[in-house]
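Chain by chain, the residues run as shown.
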Amino acid sequence: MRRDRERDQCRSARVDPGSDRFPPGLFDAVLLDRDGTLVEDVPYNGDPEKVRPVPGAREALDRLRTAGLRLAVVTNQSGLARGLFTHDELRRVNARVEELLGPFDAWQICPHGERDGCGCRKPAPGLVRAAARALGTSPTRCVMVGDIGADMEAAAAAGAAGIMVPTPATRPAEVAAAPTVVEDLPAAVARILDQIGLVCPPASHGRRGTVLVVRSDAAGDVLVTGPGIRAVAAGADRVVLLCGPRGRAAADLLPGIDEIIEWPLPWIDGDPAPVDPDDMHHLTTRLTRIGADEAVIFTSFHQSPLPLALLLRMAGVPRISAISDDYPGALLDVRHRVPVGVPEPERALSLAAAAGFPLAPDDEPGLRLRDDRLPAAPAGPGEPGYVVLHPGSSVETRACPPELATRIVRVLHAAGYRVVVTGGPDERELTARVAAAGGIDLGGRTGLGELAAIIARAGALVVGNTGPAHLAAALGVPVVSLFAPTVPFGQWGPYRVPTVRLGDAGAPCRDTRATRCPVSGHPCLSAVEPGRVLAALRLLGVPADAPAGPEAVVAGPPREPAVTATGGVAR
Ligand SMILES: [Zn+2]
């Protein structure tokens, strides 16, 4: 681990003595599972003498304490419900854990059994929420470290980040589904401190002026770059965004942008037009007219910023920052490197920080939209609280299989949920077919802005790995993510929003970045049982409109919305 980074993050993350306020950073708190994560797992242990910390635990936890992070233990102890140990024995075991590992700022313990149906037993999010509350922060500013899938699911369902430290007993499917996996507790701590350090600026920038920011590609890509763009905007007089036609509608919704230039870049598109020298000449002229003092080129990990950097040099831009593993020669002034697997919004924030633009102290690293740019939602779905199902995607592998979408609508409808099916103008046939199973069809009736307005009033969004998932994240609407593992979930999953991930994370298409499913039958998603979506909604605390049963049929003309949709929905 890089020591210089650690010094930086210690500086930025340390809490002032006597102050209850955290300085801005990625995380305020680290939540830790007890058995198998902090101490060796001794099933139903009621004996303090049997407490054995995992190797390096004390030193690792002290690094977190020194960095100003608060620590909580978040643990299921069903042995209480089963009568396998007493409250007093549990207290003595936990006291021994603190004696060996140092003090924790909070303990959250679920005493219930598996069949009690409580809201606290992991994978339910109750303990994670309670821990965040006890530590004076929110779940989205917490990262959970645990050794099994239930730890990761509880964290995600609360909107917290998750890092898995698997043991030999951890099931392979749970390891595959985890957003981040490292080998042990010290490695998890190093990872957390590195992630915090990545978004801390190396030095204060102090420069203003006009900054050109660039993010080509689709709506989702532009949305996850939002935090990075806001960071630049916090330190610039004027921000001009260069984006492609597929990202334009998303760019219109982002805060911090003063002007947008829409221009396709042939080296970014998956299905590129040939390079037209005249077009490149016109683009260079247009870029020259901006008179930018500097440029920050945001990319995803498989894209090169260098062709555009060359055009920007020709347009006279004096300072250019980008992430590039390829040698940039004279094309970049700040050549930034980021490890693989960092969430895309943090990757963008880290480039902005490297360029000298930290996020404003009162801003949060999450995704955000401009409230004033959200149009009225189309009439049809009725009052807030419905579930939106968005089955399509511009990339086939990342969509919800139509047959599965249809079954999901049927099951949710029968359980008393109002389901709104959305899709673009070219997906009308798909949404009509899916909605026929008991949903309200809004296919073709929403641009990206209207779709955001619809999602803003939803109890949850059920969606593949596609742009609307990031709209929901920006609006704080919980996501049931049917996530094909073609790209890493930890990098592209819904960011800092309560989420349940479904689908086979270990399917053969994993990490292939395939746009067409390489396996017949699309098994990573088509094997999902619709009942899992229902369970996910319940885990997320999204209530149905009506009790299940024949009376609950939602038929006839939908009611008009009671409120005009510009966000601000009660949840
Ligand atoms: Zn419980």
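Remember, it's a predicted structure, so these values are computed and weren't measured experimentally.

(A) Here's a closer look at the sheet that holds strand β2 (residues 70-76). Pairing within the open sheet is parallel, and its 5 strands lie in the order β3-β2-β1-β4-β5. Whereas interior strands pair on both sides, the edge strands pair on one side only; in this sheet they are β3 (106-110) and β5 (161-164). Across this sheet, the average inter-strand angle for adjacent strands is 20°, counted without regard to direction. Alignment of strand β1 (residues 29-32) against strand β4 (residues 142-146), held across 4 bridges, turns out to be parallel. Looking at the pairing, Val30 lines up with Val143 of β4. This element, helix α5 (residues 149-158), spans β4 and β5 of the sheet and lies at about 170° to β4.

(B) Quick look at the environment of Ile260. Mapped onto the secondary structure, Ile260 falls in strand β8 (residues 259-262). Placed 123 residues apart in sequence, Ile260 and Thr137 show a C-alpha to C-alpha distance of 36 Å. If we skip the residues at most four places from it in the chain, Ile260 touches Leu241, Cys243, Arg248, Ala251 and Asp252.

(C) Region of the structure containing helix α14 (residues 402-414). Here α14 is 13 residues long and its end C-alpha atoms lie 18 Å apart, about the 18 Å a rise of 1.5 Å per residue gives. All of the buried residues in α14 are Leu404, Ala405, Thr406, Ile408, Val409, Leu412 and His413. Considering only its buried residues, α14 is in contact with β12 (387-390), β13 (419-421), α15 (428-435), β16 (479-482), α19 (523-526) and α20 (530-539). Just beyond α14, the residue with positive phi is Gly416, at close to 95°.

(D) Local environment of the confidence of the model for the chain. The predicted model of the chain has a mean per-residue pLDDT of 89, with 91% of residues at 70 or higher. Every residue in residues 1-23 is under pLDDT 50, and counting partners more than four places away or in other chains gives 35 contacts. Counted against residues more than four places away or in other chains, residues 549-571, with its pLDDT under 50, gives 39 contacts.

(E) Broad picture of the coordination of the zinc ion. Protein ligation of the zinc ion involves Cys110 (SG), His112 (ND1), Cys118 (SG) and Cys120 (SG), the donor distances falling in the range 2.1 to 2.3 Å. Here the zinc ion binds 4 donor atoms, and the angle range of 99 to 118° at the metal identifies the geometry as tetrahedral. Each donor residue of the zinc ion belongs to the same chain, with the gaps between them written as C-x1-H-x5-C-x1-C.

(F) Highlighting the environment of Leu253. Looking at the secondary structure, you find Leu253 in helix α10 (residues 248-253). Put simply, Leu253 and Leu471 are 218 residues apart on the chain and 9.8 Å apart in space, counted from C-alpha to C-alpha. Other than its neighbours up to four places away in sequence, Leu253 contacts Leu369, Arg370, Arg373, Leu374, Leu448, Gly449, Ala452 and Leu471.

(G) The arrangement of the sheet that holds β13 in detail. Spatially, the 6 strands line up as an open sheet ordered β14-β13-β12-β15-β16-β17, and their pairing is parallel. Sheet topology places β14 (440-441) and β17 (499-502) at the edges, where each strand pairs with a single neighbour. Across the sheet, helix α17 (residues 467-475) touches β12, β15 (460-463) and β16, and the angle it forms with β15 is around 160°.

(H) Geometry of the packing of α14 against α15. Relative orientation of the contacting elements α14 and α15 amounts to 40°, with a least axis distance of 8 Å. In this view, α14 runs oblique relative to α15, as classed from their interaxial angle. Facing Pro402, Ala405, Thr406 and Val409 of α14, the residues of α15 in contact are Leu430, Arg433 and Val434. Split by residue class, the contact of α14 with α15 holds 5 nonpolar, 1 polar and 1 charged.

(I) Seen up close, the packing of aromatic side chains. Under the criterion given, the structure shown has 2 aromatic pairs. With a centroid separation of 5.7 Å and an interplanar angle of 75°, the aromatic rings of Phe104 and Trp107 are classed as edge-to-face. In this structure Trp107 comes out as partly exposed when scored by relative accessible area, which is 21%. Cation over ring: Arg65 sits above Phe104, and NZ or CZ is 5.5 Å from the ring centre.

(J) Structural detail: the state of the cysteines. Tallying each qualifying case throughout the model produces 0 disulfides. Summary of cysteine pairing: Cys400 is not part of a disulfide, and the nearest cysteine sulfur, belonging to Cys524, is at 10 Å.

(K) Representation of the side chain of Gln108 in the model. Following the sequence through the fold, Gln108 ends up in strand β3. Other than its neighbours up to four places away in sequence, Gln108 contacts Val73, Val74, Thr75, Leu127, Ala130, Ala131 and Ala134.

(L) Summary view of empty space enclosed by the protein. A full pass over the atoms with the stated rule returns 5 cavities of 30 Å³ or more. Roughly 370 Å³ of volume is contained in the largest cavity. Taken together, 27 residues line the largest cavity, and the ones lying closest to its centre are Ala160, Ala161, Gly162, Pro179 and Pro494. Those elements giving two or more residues to the lining of the largest cavity turn out to be β4, α5, β5, α7 (185-198) and α18 (489-492). Here the residues of the lining of the largest cavity are counted per class, giving 14 nonpolar, 10 polar and 3 charged.

So, how was this worked out
- Residues numbered from 1 in each chain as written.
- Predicted model: local features only at pLDDT ≥ 70, side-chain atom pairs only at ≥ 80, totals over all residues.
- Heavy atoms only, no water.
- Pairing = 2+ DSSP bridges.
- Helix = DSSP H or I, 4+ residues; strand = E, 2+ residues; numbered from the N terminus.
- Axes fitted to C-alpha atoms, helices over the stretch in contact; angles between N-to-C directions.
- Contact = heavy atoms within 4.5 Å.
- Expected span 1.5 Å × (residues − 1).
- Buried < 20%, exposed > 50% of the residue type's maximum accessible area, 1.4 Å probe, protein only.
- pLDDT = per-residue confidence, 0-100.
- Donors = N, O, S within 2.8 Å, 3.2 Å for Na, K, Ca; no water.
- Tetrahedral: all angles 85-135°; square planar, octahedral: opposite > 155°, others 65-115°.
- Parallel < 35°, antiparallel > 145°, perpendicular 65-115°, else oblique.
- Nonpolar A, V, L, I, M, F, W, Y, C, P; charged D, E, K, R; others polar.
- Phe/Tyr/Trp six-rings, centres within 6.5 Å; stacked < 30°, edge-to-face > 60°.
- Lys NZ or Arg CZ within 6 Å of the ring centre and 35° of its normal.
- Disulfide = S-S within 2.5 Å.
- 1 Å grid on protein atoms, 1.4 Å probe; cavity = no way out; pocket = protein on both sides within 12 Å on 5 of 7 lines; lining within 4 Å.
- Points joined across faces, edges and corners; volume = space filled by probe spheres on them.

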